[in-house]
2 protein chains.
Amino acid sequence: MDLKKYTQEKRELIDGFFRDYFVREFNPPVLKEAMLYSLFAGGKRIRPILALAAYEACGGDAGDILPYASALELIHTYSLIHDDLPAMDNDDLRRGKPTNHKVYGEATAILAGDALLTEAFTILADRSFSAKVGPDNLLKTIMEIATASGLGGMVAGQVQDMLSENKAPDEETLSFIHKHKTGALLLVSVRIGPILFGSDNATLESLSEYGRCIGHAFQVVDDILDVDGNTEELGKTAGSDEKVNKMTYPRLYGLERSREIAGDLIHRAKTSIAHFSSDADPLREIADYLLKRRN
Amino acid sequence: MDLKKYTQEKRELIDGFFRDYFVREFNPPVLKEAMLYSLFAGGKRIRPILALAAYEACGGDAGDILPYASALELIHTYSLIHDDLPAMDNDDLRRGKPTNHKVYGEATAILAGDALLTEAFTILADRSFSAKVGPDNLLKTIMEIATASGLGGMVAGQVQDMLSENKAPDEETLSFIHKHKTGALLLVSVRIGPILFGSDNATLESLSEYGRCIGHAFQVVDDILDVDGNTEELGKTAGSDEKVNKMTYPRLYGLERSREIAGDLIHRAKTSIAHFSSDADPLREIADYLLKRRN
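It should be emphasised that the depicted structure is a prediction, and the values quoted were computed from it without experimental measurement.

Caption draft 1: Representation of the overall build of chain A in the model. What chain A contains, in helices and strands, is 15 helices and two strands. If you line up chain A on its principal axes, its C-alpha atoms span 50 × 50 × 35 Å. For chain A, buried positions account for 55% of its 295 residues. If you take every contact in chain A between residues at least 6 apart in sequence, the share linking residues at least 24 apart comes to 74%.

Caption draft 2: A look at helix α6 (residues 106-124) of chain A. Taking 1.5 Å per residue as the helical rise, α6(A) with its 19 residues ought to reach 27 Å, and the 28 Å between its terminal C-alpha atoms agrees with that figure. α6(A) sits mainly inside the fold: 17 of its 19 residues count as buried.

Caption draft 3: Up close: the relation of the copies chain A and chain B. Overlaying chain A on chain B yields an RMSD of 0.0 Å, the required transformation being a rotation through 180° with an accompanying axial translation of 0.0 Å. Here the copies are linked by what is in effect a two-fold axis. Minimal C-alpha separation from the rotation axis in chain A is found for A:P135, amounting to 2.9 Å. Both copies present the same face, since 100% of the interface residues in chain A are matched by interface residues at the equivalent positions in chain B.

Caption draft 4: Seen up close, the interface of chain A and chain B. Counting residues at the interface gives 46 residues for chain A, matched by 46 residues for chain B. For the side of chain A that touches chain B, the secondary-structure elements that each account for two or more residues are α2 (29-39), α6, α7 (135-149) and α8 (154-163) of chain A. Residue classes in the side of chain A that touches chain B are distributed as 28 nonpolar, 11 polar and seven charged.

Caption draft 5: Representation of the environment of B:A69. All names here are of chain B. Its place among the elements puts A69 in helix α4 (residues 66-84). Classification of A69 by C-beta neighbours within 10 Å gives buried; the count is 28. A C-alpha to C-alpha distance of 15 Å links A69 and A184, two positions 115 residues apart in sequence.

Caption draft 6: Structural detail: the environment of B:D241. Residue and element names in this part refer to chain B. Along the chain, the position of D241 falls in helix α12 (residues 240-243). Classification of D241 by C-beta neighbours within 10 Å gives buried; the count is 22. Each C-alpha atom, one on D241 and one on Y21, is 36 Å from the other, the two residues being 220 residues apart in sequence. Here D241 is in contact with D223, D226, K246 and T248, once residues within four sequence places are set aside.

Caption draft 7: Representation of the packing of helix α3 (residues 46-57) of chain B against helix α15 (residues 281-292) of chain B. Residue and element names in this part refer to chain B. Relative to each other, α3 and α15 sit at 145°, their axes nearing to 8 Å. The segment α3 lies against α15, with L50, A53, A54, E56 and A57 engaging P282, L283 and I286. Each residue belonging to the contact of α3 with α15 can be placed in one class, and the counts come to seven nonpolar, no polar and one charged.

Caption draft 8: Main features of the confidence of the model for chain A. Of all residues in chain A, 97% attain a pLDDT of 70 or more, and the chain-wide mean is 94. Two numbers describe this predicted complex: its pTM, 0.96, and its ipTM, 0.96.

Caption draft 9: Region of interest: helix α3 (residues 46-57) of chain A. All names here are of chain A. Between its terminal C-alpha atoms α3 stretches 16 Å, which fits the 16 Å expected from 12 residues at 1.5 Å a residue. Counting buried positions along α3 gives 12 out of 12 residues, so the element sits mostly inside the fold. Within the sequence span of α3, burial applies to I46, R47, P48, I49, L50, A51, L52, A53, A54, Y55, E56 and A57. G59 occupies a position one or two residues after α3 and carries a positive phi of about 100°.

Caption draft 10: Representation of the environment of A:L124 within the structure. Residue and element names in this part refer to chain A. If you trace the backbone, L124 turns up in helix α6. Spatially, the C-alpha atoms of L124 and T147 are 14 Å apart, while their sequence positions differ by 23 residues. For L124, the contacting residues outside a window of four places in its chain are Y68, A71, T141, I142 and I145.

Caption draft 11: Representation of unusual backbone geometry within the structure. Backbone torsion omega between A:N27 and A:P28 reads -15°, so that peptide bond is classified as cis. Positionally, A:P28 belongs in the loop between α1 (3-21) and α2. At B:N90, a residue that is not glycine, the phi angle is positive and equals roughly 50°. You can see B:N90 is positioned in the loop between α4 and β1 (93-94).

Caption draft 12: Here's a closer look at the packing of helix α10 (residues 201-228) of chain A against helix α15 (residues 281-292) of chain A. All names here are of chain A. At a closest axis distance of 9 Å, the pairing of α10 and α15 adopts a crossing angle of 20°. One finds that α10 runs roughly parallel with respect to α15. Pair α10 / α15 crosses with left-handed handedness. Along its contact with α10, which presents Y210, I214, A217, F218 and V221, the element α15 presents L283, A287, L290 and L291. Looking at the contact of α10 with α15 residue by residue, the classes come out as nine nonpolar, no polar and no charged.

Criteria and cut-off values
- Residues numbered from 1 in each chain as written.
- Chains lettered and ligands numbered in written order.
- Predicted model: local features only at pLDDT ≥ 70, side-chain atom pairs only at ≥ 80, totals over all residues.
- Helix = DSSP H or I, 4+ residues; strand = E, 2+ residues; numbered from the N terminus.
- Buried ≥ 20, exposed ≤ 12 C-beta atoms within 10 Å, placed from the backbone.
- Contact = placed C-beta atoms within 7 Å.
- Expected span 1.5 Å × (residues − 1).
- Least-squares fit on C-alpha atoms with pLDDT ≥ 70 in both.
- Nonpolar A, V, L, I, M, F, W, Y, C, P; charged D, E, K, R; others polar.
- Axes fitted to C-alpha atoms, helices over the stretch in contact; angles between N-to-C directions.
- pLDDT = per-residue confidence, 0-100.
- Parallel < 35°, antiparallel > 145°, perpendicular 65-115°, else oblique.
- Left-handed = near helix turned anticlockwise from the far one by under 90°.

In structure tokens form, the structure reads like this:
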């Protein structure tokens, strides 16, 4: 299969959903403008694409859960806006563009993040988007997404990440940060498909194992790229982890061992879905891509 | 009826729910600590109490929707933490205590707000909390709460409020700010009861009119208190609106006319539920209280 074509088609679906959804005017206009600035700043849409691919791997039709998959990107985008704030990572660049607060100011950036997070749940709870999804499966999905995003997931990972700056790296803390900060939302991305589809437990567990492994690998690769990537390829400042002494894989294991770990994780991800049909080929290709990516 | 006793009982129910819900340990501990610092900083629990009272006015049993009512307080608390940030209102005091960022630092305060907002949806989507509520009514409730809190509600009001500092006040903008910044969440507070209870449209509309009027009055009284209250009673810095030239009712209409407007709104609120039984007495008493409150 042609992964580039596949992801391109899915990105168009997702972006089309966002364009339709946000076509309505809102007052004051600057809030929607700030939200869309970051939403359309060149994100790869990895989370919603994973959600659609996992749903297809269960035998579903991507269009049926497009709104719910897209909601994940709103949550991801909010987290980037808040992470970049002066009080947090204080980043000026994201995907090669000025960060949200550099364009709209800190107050509006905080509020644009808040509104993106909130809008994700407006979309998720909107029954008009799909008659094909049962309300109990949808509530389960909302609960999983919220759990993965907050106190027991992404936000906890971000707090631990901050607390660990300038500390000697240890495996347990590093694993916690990665599992929560990036892993939780990536894991839930592949789970919402089988949950919404009503898949059996074995299918859900196989996809969850895939999600845990690629989520883990994703962050290891991110850490590696911060060391051996360059600012132009990354679209964000390379070496920024080292600058603030972040707890990363290369710091704990060195570059070579980190690359091995990432490779092993991707192998495990693919093994966990080896018994799936060719409907899972996009998931297999995405796993390979996540290992080889340069940004 | 004894309003003080009623609200005291309801506050104990709500605080008990929070204590049970947050009894679990979370890592890193500081995140939950920062969330609970603001959650237990002496809030009056007006939104969840309104939700419980409106549910009772429909004939429901408050305990059945306690988690959903309490979720509103998490959203309210997150909004206060973010509003107080240096980039926004830059307030050092809230309810007589140092604001969240003064105690935990800006980064943790932003993230504690994010986590409170997110946790509201974890609770709302959790089917284990009540078997008595239908999943479709629950999804409708989640969507209403999210809509009232984000781009089409509270966050929009906050952005407009910031944009209007140092501008000449006009009725349309002032009305927009109040309707969105405070009004939307207060309105939804009285709507979730009838929605979850499955009330008829006429009941929902009467309670909504009550909610719109008290929501509007609440903010007018807030504006008045900022002028004629004092810092000790308020628990926050009196005169802070004037300091930054906020768009307020007293600035547009003067104090006396503002008091008349608030009085008329409370009268309208009570009229809209005049045909309800004595089950709606708490709502009637709350309306009177909101007019007379000194903080």
